[in-house]
Amino acid sequence: MADTIADSPEKIIQVAGSITVGELAELLNLSVTTLIGELFKNGIIATINQKIDFETATIIVEELGLDVTLEKKEVATGPVREEHKLSDKAVERPPIVAVMGHVDHGKTSLLDAILETKTVEGEAGGITQHISAYQVTKNNRKITLLDTPGHEAFAALRQHGATLTDVVIIVVAADDGVKPQTVEAIRFAREANAKIVVAINKMDKETANPQLVKTQLATEHGLNPEEWGGDTIMVEVSAKTGQNLDKLLESVLLIADLEELKADEHVPAEGLVIEAHTETGRGSVVGLLVEHGKLHPGQYLVAGTSYGKVRTLLDFAGKAIKEAGPSTPVTVTGFKDLPQFGDQFNIVKSEKEARQATVANRLEREREAAETNVTSADILKLMSQKQEAADFNVIVKADVQGSLTSVIDSLRLIDTQGAVSLRIVGSGVGNISENDVHLAATEGTVIYGFNVELPPAVKRQAARDKVEVRLYKVIYELLDNAKESMEALIAPEVVETEVGALTIKGIFRTLKDEVICGGEVTSGKITPGLTARVIRGGEQLAEVEVTKVQRNQSEVKDVHEGDMCGLSLKTSKKLILEIDDKLEFFSRELVKRTLK
Ligand code: GDP
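Every value quoted in this text rests on a predicted model; they were computed, and no experiment measured them.

Engineer: Would you take a moment to explain the overall build of the protein chain for this structure?
Structural biologist: Counting its secondary structure elements, the protein chain contains 14 helices and 30 strands. Counting across all 596 residues of the protein chain, residues that qualify as buried make up 46%. Within the protein chain, counting contacts between residues at least 6 apart in sequence, those at least 24 apart form 71% of the total. Summing over all exposed atoms, the protein chain offers an accessible surface of approximately 29900 Å²; the carbon and sulfur share of this is 49%.

Spelled out as structure tokens, the structure:
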């Protein structure tokens, strides 16, 4: 017996350019056999996985007499994610905070120390396994902490148009100062539009030098400490002794107040997938961060191409809860298969709706992949290349500190006339390392090595990640190369050369995009193909292009000073010329700029 769609709420179903028989059946809520039967009646022999085009699908829907209209889905460009518009009922929500910084500067220790002292009593002991987000309570207010997200994760979120983090705590060890990954973290935070709080860690150490850290951040990275009149909060802390951890959290809350972070509670729950893995006995275990609404056990969820019913809803400490509101990190089980990190999740009413939504999402993704034919890695690469148009990012490695300093100083001395900014993303003494290549790959950066080596394994990694490593033994050669690379990044200059002028003496015909007129050449030479500015009373009215030049009613190649001539001018919009308007003719050239 054929299924009916009487109970389906959908009347208009969006379909991409083509769809498989199975998918169409799913969307129409028909059995596959019914659909195959109908196709067969129309002379089409199809199997469940065969693709049929939009037109065929429309015919079948009509033949079946279904109360459904298929609509061709237009290509969506830009972020997949739709931005949630806050209602006027939106309420305050906890800030979402990420801890980032250079390796070994104490990210993990800081998170642990905060959790130890600040988790609601009884909860801390419950954390038995690694999860991706936590909540702490300070002054009776909650703060959501994300476990140091990897940079790939951040990039993936940005691609979805998501702004997961409100605040990034950048951890800098007071005894080590700003390091490549510190710089990277600052950049990621800025790109994610997150507010920055600096935690100057390891203050208990004798070698701690917080002033140096502040100076580095202020002079090289535009982060000016509040105490120096800037607007970046910097807190001197120690994960080891617990010094100033309260102050750090208070600073986060202060920012939350200034930012007026809000969320809607009374809407169907939605948010992001922040972790996903499978466990024997539990199936898919998925970490979600609720952004709006309240999530409950038993609800149907769709995230990207996966769906499921919330079987268990656990808070960050692994305790079963009945509901989770905005900014709450939770772990759910019940997804049929694993969603992807960064997928948006939504609530739907039924399993059927959930299935339909995942089919639609999958088709969308497949189509996007097919249409763009680029992978997410390519997109990231393109994004970084775009930035290179203004920035020249380099990592410098040298054999000894002295030569490193002189290479960096000389690079900084290259005068780019403000057209390119040189960013030293990282530097150090020693051979090129895997870490350098990794950093270069994420930053779209060239590695310069001076009197150092590129070990074979690192070379292979660089080739794989398409990172350029340039090795030199002579400093001038290195500098020449950097200069050439920067010149290549500068947009060429448009040079205009004036070649002639004319005064209008008569207007013969004015069309939508053309004017035929006559005039006297007052200087230079006028030829077809030239561009001219139309000047009246000292002001420029328009720019026109000369398509024809006439003298004594016949077309000529050029006219000179003192000649009376006829002109055909191409205009971009209707142009009413007047007697005595002036035309200034010029040629335009693109000239490659060079650096001194
Ligand atoms: P991560 O790589 O940034 O996560 O750094 P970890 O948290 O793993 O810390 C790196 C090392 O620094 C470990 O040996 C920690 O014990 C140590 N460490 C972290 N914070 C402090 C601190 O405040 N004071 C001191 N003395 N050592 C610290």
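Engineer: Sorry if this is basic, but what is going on with the site of the ligand here?
Structural biologist: Around the ligand, the surrounding shell holds 15 residues, and the nearest of these are Asp104, Lys107, Thr108, Ser109 and Asp204. Gly106 places a main-chain nitrogen or oxygen 2.9 Å from an oxygen atom of the ligand. The separation between an oxygen atom of the ligand and a polar main-chain atom of Lys107 is 2.8 Å. Alone, the ligand offers 580 Å² of accessible surface; in the complex the protein occludes 71% of this. Element by element, the count of residues in the shell around the ligand is highest for helix α4 (residues 107-118), at three residues. Per-class residue counts for the shell around the ligand are two nonpolar, seven polar and six charged.

Engineer: Help me out: how do you make sense of the sheet that holds strand β7 (residues 133-138) in this one?
Structural biologist: Strand pairing in a sheet takes place through backbone hydrogen bonds and is either antiparallel or parallel in direction. Ordered in space as β7-β8-β6-β9-β10-β11, the six strands form an open sheet in which the pairing is mixed. For this open sheet the edge positions go to β7 and β11 (233-236), each flanked by a neighbour on one side alone. Taken over all neighbouring pairs, the strand axes of this sheet differ in orientation by 30 degrees on average, direction set aside. Judged from the five bridges that link them, strand β6 (residues 96-101) and strand β9 (residues 167-173) form a sheet pairing that is parallel. For Ala98, the partnering residue across the bridge sits in β9 and is Val168. Its contacts with the sheet place helix α8 (residues 245-259) against β6, β7, β8 (141-146), β9, β10 (195-201) and β11, and it is angled at close to 100 degrees to β8.

Engineer: Would you mind showing me how to read the pattern of salt bridges here?
Structural biologist: Should their charged atoms come close, side chains of opposite charge can pair. Taken as a whole, this structure holds 20 salt bridges when the rule is applied. A salt bridge links Glu92 to Arg141; the nearest nitrogen and oxygen atoms lie 3.8 Å apart. In this pair, Glu92 is assigned in strand β5 (residues 91-92) and Arg141 in strand β8, connecting sequence segments 49 residues apart. Relative accessible area serves as the criterion here: at 58%, Glu92 is assigned to the exposed category. With its nearest N and O atoms 2.8 Å apart, the salt bridge here joins Asp166 to Arg93. Taken together, the residues span a long stretch of sequence, with Asp166 in the loop between α5 (151-159) and β9 and Arg93 in the loop between β5 and β6 at a distance of 73 residues. Assigned by exposure class, Asp166 and Arg93 land together as buried. Salt bridges sharing partners connect three or more residues here, namely Glu92, Arg141 and Asp257.

Engineer: Would you mind going over the environment of Ala25 with me for this structure?
Structural biologist: As for its position among the elements, Ala25 is in helix α1 (residues 21-28). Exposure remark for Ala25: the relative accessible area of 0% places this residue in the buried category. Between the alpha carbons of Ala25 and Ile36 there is a distance of 9.1 Å; along the sequence they are eleven residues apart. Excluding its chain neighbours within four sequence positions, the residues that come into contact with Ala25 are Leu30, Ser31, Val32 and Leu35.

Engineer: Help me understand the nonpolar core in this model?
Structural biologist: Nonpolar side chains tend toward joint burial in soluble globular proteins. Counting 28 residues, the largest nonpolar core has Leu110, Ile143, Ile169 and Leu248 as the members making the most contacts within it. Every element with two or more residues in this core is listed here: β6, α4, β7, β8, β9, β10, β11 and α8. By size, the runner-up hydrophobic cluster in this structure holds 22 residues, among which are Ile13, Ile19, Val61 and Leu363.

Engineer: How do you make sense of the packing of aromatic side chains when you look at a structure like this?
Structural biologist: Two aromatic rings are characterised by how far apart their centres lie and by the angle between their planes. Inspection of the entire model under this criterion finds two aromatic pairs. Pairing Tyr134 with Phe316 gives two aromatic rings, centres 6.3 Å apart and planes at 75 degrees, and the pair type is edge-to-face. Of this pair, Tyr134 sits in strand β7 while Phe316 sits in the loop between β16 (306-314) and β17 (329-335), and the two are 182 residues apart along the sequence. Judged by its relative accessible area of 9%, Tyr134 is buried. Residue classification places Phe316 among the buried positions, given a relative accessible area of 6%.

Rules used in this analysis
- Numbering of residues starts from 1 in every chain and runs along the sequence as written.
- Two thresholds apply to this predicted model, a pLDDT of at least 70 for residue-level local features and 80 or more for giving and counting side-chain atom pairs, whereas whole-chain, interface and lining totals are computed over all residues.
- With hydrogens and water excluded, all non-hydrogen atoms of the structure serve as input to the side-chain values.
- Helical segments are the DSSP runs of H or I of at least four residues, strand segments are the runs of E of at least two, and each set is numbered from the N terminus.
- Exposed residues in this analysis have more than 50% of their type's maximum accessible area, buried residues have under 20%, and partly exposed residues fall in between, with area computed by a 1.4 Å probe over protein chains only.
- The contact definition used throughout considers only heavy atoms, calling two residues in contact when any of these lie within 4.5 Å.
- Under the convention used here, a 1.4 Å probe and the Shrake-Rupley method define accessible areas, while residue burial counts only the protein chains that appear.
- Note on terminology: near, applied to a residue and a molecule or strand, indicates that one of the residue's heavy atoms is within 4 Å of it.
- Here a polar contact is taken to be a pair of N or O atoms separated by no more than 3.5 Å, where protein atoms must pair a possible hydrogen donor with a possible acceptor and residues adjacent in sequence count only if both atoms sit in side chains.
- Residue classes follow a fixed rule: Ala, Val, Leu, Ile, Met, Phe, Trp, Tyr, Cys and Pro count as nonpolar, while Asp, Glu, Lys and Arg count as charged, and any other residue, Gly among them, counts as polar.
- Any two strands with at least two DSSP-identified bridges between them are counted as paired.
- For helices, the fitted axis covers only the stretch in contact; all axes are lines through C-alpha atoms, and the angles between them, taken along N-to-C directions, range from 0 to 180 degrees.
- Whenever a carboxyl oxygen of Asp or Glu lies within 4 Å of a side-chain nitrogen of Lys or Arg, that contact is scored as a salt bridge.
- Side-chain atoms within 4.5 Å link the members of a nonpolar core, which is a set of buried Ala, Val, Leu, Ile, Met, Phe, Trp, Tyr and Cys residues.
- Only centres within 6.5 Å qualify two rings of Phe, Tyr or Trp (six-membered ring in Trp) as a pair; their planes then separate them into stacked at under 30 degrees, edge-to-face at over 60, and tilted for everything else.

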